[in-house]
Amino acid sequence: MTSKSVTPKRGRDEALAGARGWPGPGGGQIGHLDPPTMWRATTVQACGLWPFAAGSGAPMTGVPLGQHLHTGATVCGDPISWFTRARYISNPSLFMLGMPGLGKSTLINRMLIGLAATGVVPLVLGDLKPDYADTVRALGGQVISIGRGVGGINILDPGAMGAAATRIGGKAGLALAAETHGRVLNMIAALISVVRGRSMEDTEQSVLSAALHHLRDRTPSGRAPLLPDLLAVLRDGPDRVRAVTLDRGDDSRYHDAVDPLHRSLLGILDGPLGNTFSSPTSTHIDPNAPAVCIDISRIGEADTQLTAAAMLAAWSDGLGTVAAAHAMADAGLMPRRWFFTVLDELWRPLRAASGIVDRIDALTRLNRSLGLGDAKITHTLKDAEALGSESDRAKARGFVERAGMVICAGLPRTEMEELGRVIGFSKREVDLVSSWSSPPGWAVSGEHEDPPGRGRFIIKVGGRPGIPIKVAITDTERELHNTNSRWAASVPSREGAALAPHRRAGGGCRETTCCRGRSWPWPGYPCSYSGECGSAGRSGPR
């Protein structure tokens, strides 16, 4: 019998554990990955090793806009939050450019809803399609319609600013009254520029200012003067107005000085603008409304002069309400409120008349800067190139240069290269944004296919790298904001439009009364309800 020595087994606690634990079942062995060596380099040096470098982070201050196109991170932002809270920008303004149909107004509509939830008051001063009226109604705001036979704005009405100046009184009231005078003067000058197609002369503005002072002093309290009253002042020629014309007692010299202005005002009264600006204001803006939309969609597309004049009048009235609200807050008569103004389709008033850029600039500069953010929307910088003079083109380009944040949707490469000289886009950003301007592909099945750039934007702030985002709208936003609503199939009445979401494809009810007791006077038109007509003894949808 042989014996052999047995080496006693050592316990697990006595064994030396390796870097991956003990071998064997339950030994704790795991797949181990040593951390890689970290290197630090610039994006130029490391671009080949790591091509997924993100130019900037995803800001989380402001209205949720969408997801970062590369990282998927949530991107938030709006001009007011980035100015007041994050301090990313020094001017609470936004300028947006992009080709039609890519979602510019949809993104602004999201900002409008988000800011309203924080207490900011949205002001859509001139809704052309309309794009924002339904949203303002849903927010419980005020919608004012402007157009021939619909409603008008008295351009001589001091509005909320005049009422605030009277209520405040003292030096602050006098200062606000002087600002009111300047705003009315600029508004009349803007309308004359639209009618003439060119700017007013300096001497004419002096005559107009003197006539407005004379008219204001002689108008009874509580009554706003009208355009015919201003014409009467020019016709009568009071001493205060004659002194500005340097007529020296000669009637012919006086008439030579005021006749061109008189004719232009008659053109506003009886010309293409009709009585839209010569009658009392149909509906005043409510300073306490949670949102305001001035709807000018009733004006025809081809009526460029009236459209531009209505937009300018809406801007003047809306910004005057903002100035009045701040003056009342400064006097402690109402709480402080912030405002967010939307100036959509900026290219339309820009093309209306030479010198209109000066008037737009004056209207926006007269408002008090505190508590007011704005968004200007147009298609391309070439809208500015269509202006008559180089000075007007330079001022229009200044709207982009002075903006705190610039947002671009899809634009052609030539436009992006031109814009890059103003803002500072990199070559990669130019390639990205220009790729969004491509048309949609040919859908084989005939189904709708969105263009590749719809809902995609890049946000630029100063010299920072751009933030590309993808916006996906909710069902509620889709119902409130449909810029192609007139292309949608619908029944020919308000009641039918309300029933349209329930319509079933194909078939048609032959009866004149709907199965639910509703009037249905279009035999053969598809019934909106399915399944119940048959149970009621009628021929329902097939």
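The sections below set out a description of the structure shown in this document.

Criteria and cut-off values
- Residues numbered from 1 in each chain as written.
- Predicted model: local features only at pLDDT ≥ 70, side-chain atom pairs only at ≥ 80, totals over all residues.
- Heavy atoms only, no water.
- Helix = DSSP H or I, 4+ residues; strand = E, 2+ residues; numbered from the N terminus.
- Buried < 20%, exposed > 50% of the residue type's maximum accessible area, 1.4 Å probe, protein only.
- Contact = heavy atoms within 4.5 Å.
- 1 Å grid on protein atoms, 1.4 Å probe; cavity = no way out; pocket = protein on both sides within 12 Å on 5 of 7 lines; lining within 4 Å.
- Points joined across faces, edges and corners; volume = space filled by probe spheres on them.
- Nonpolar A, V, L, I, M, F, W, Y, C, P; charged D, E, K, R; others polar.
- Phe/Tyr/Trp six-rings, centres within 6.5 Å; stacked < 30°, edge-to-face > 60°.
- Lys NZ or Arg CZ within 6 Å of the ring centre and 35° of its normal.
- Axes fitted to C-alpha atoms, helices over the stretch in contact; angles between N-to-C directions.
- Parallel < 35°, antiparallel > 145°, perpendicular 65-115°, else oblique.
- Left-handed = near helix turned anticlockwise from the far one by under 90°.
- Salt bridge = Lys/Arg side-chain N within 4 Å of Asp/Glu carboxyl O.

1. With respect to the environment of Pro92
- In this structure, Pro92 sits in the loop between α2 (79–84) and β3 (93–97).
- Judged by relative accessible area, which is 10%, Pro92 ranks as buried.
- As for Pro92 and Ala403, which are separated by 311 residues in sequence, their C-alpha atoms are 7.7 Å apart.
- Once residues lying within four places of it in the same chain are set aside, the contact partners of Pro92 are Pro79, Phe83, Leu372, Gly373 and Asp374.

2. Structural notes on empty space enclosed by the protein
- Applying the stated criterion across every chain, the model contains 3 cavities of 30 Å³ or more.
- For the largest cavity, the calculated volume is near 210 Å³.
- Lining the largest cavity are 19 residues; nearest its centre among them are Asn154, Asp157, Pro158, Ser316 and Asp317.
- If you list the elements that add at least two residues to the lining of the largest cavity, you get α5 (159–168), α6 (170–196) and α11 (304–330).

3. Topic: the layout of surface pockets
- Taken as a whole, the second largest pocket holds about 650 Å³ of empty space.
- Along the walls of the second largest pocket sit 26 residues, with Pro158, Gly162, Ala163, Thr166 and Arg216 positioned nearest its centre.
- Those elements giving two or more residues to the lining of the second largest pocket turn out to be α5, α6 and α7 (202–217).
- For the lining of the second largest pocket, the leading source of residues is α6, giving 7 residues.
- Residues that form the lining of the second largest pocket fall into these classes: 10 nonpolar, 11 polar and 5 charged.

4. Quick notes on the packing of aromatic side chains
- Inspection of every chain in the model, using the stated rule, returns 1 aromatic pair.
- Between Trp82 and Tyr88, the ring centres sit 5.3 Å apart and the planes meet at 85°, which makes this aromatic pair edge-to-face.
- Taking relative accessible area as the criterion, Trp82 reaches 2% and is therefore assigned buried.
- Accessibility expressed as a relative area gives 32% for Tyr88, which makes it partly exposed.
- Its end group placed over the ring of Tyr254, Arg242 keeps NZ or CZ at 4.5 Å from the ring centre.
- Cation over ring: Lys460 sits above Phe425, and NZ or CZ is 5.3 Å from the ring centre.

5. Some thoughts on the packing of α5 against α11
- Running from amino to carboxyl end, α5 crosses α11 at an angle of 20°, the nearest separation of the two axes being 8 Å. Comparing their axes, α11 and α5 come out roughly parallel. Between α5 and α11 the crossing geometry is left-handed. In this structure, α5 uses Ala160, Met161, Ala164, Arg167 and Ile168 to contact α11, whose residues at the interface are Gly320, Thr321, Ala323, Ala324, Ala327 and Met328.
- Class assignment for the residues of the contact of α5 with α11 results in 8 nonpolar, 2 polar and 1 charged.

6. Some points on the pattern of salt bridges
- Scanning the model with the defined rule gives 16 salt bridges in all.
- A salt bridge links Arg413 to Asp431; its shortest N-O distance comes to 2.8 Å. With Arg413 in helix α16 (residues 413–423) and Asp431 in helix α17 (residues 427–435), the pair connects residues that are 18 residues apart, well separated along the chain.
- A residue is classified by how much of its surface remains accessible, and Arg413, at 39% relative accessible area, is partly exposed.
- Here Lys460 ties to Glu429 by a salt bridge, and the two come within 3.2 Å at their closest N and O atoms. Taken as a pair, Lys460 in strand β10 (residues 456–460) and Glu429 in helix α17 lie far apart in primary sequence, 31 residues in all. The pair formed by Lys460 and Glu429 is uniform in burial state, with each residue classed as buried.
- Ionic contacts of the salt-bridge type, sharing partners, join the residues Arg242, Asp247 and Asp251 into one network.

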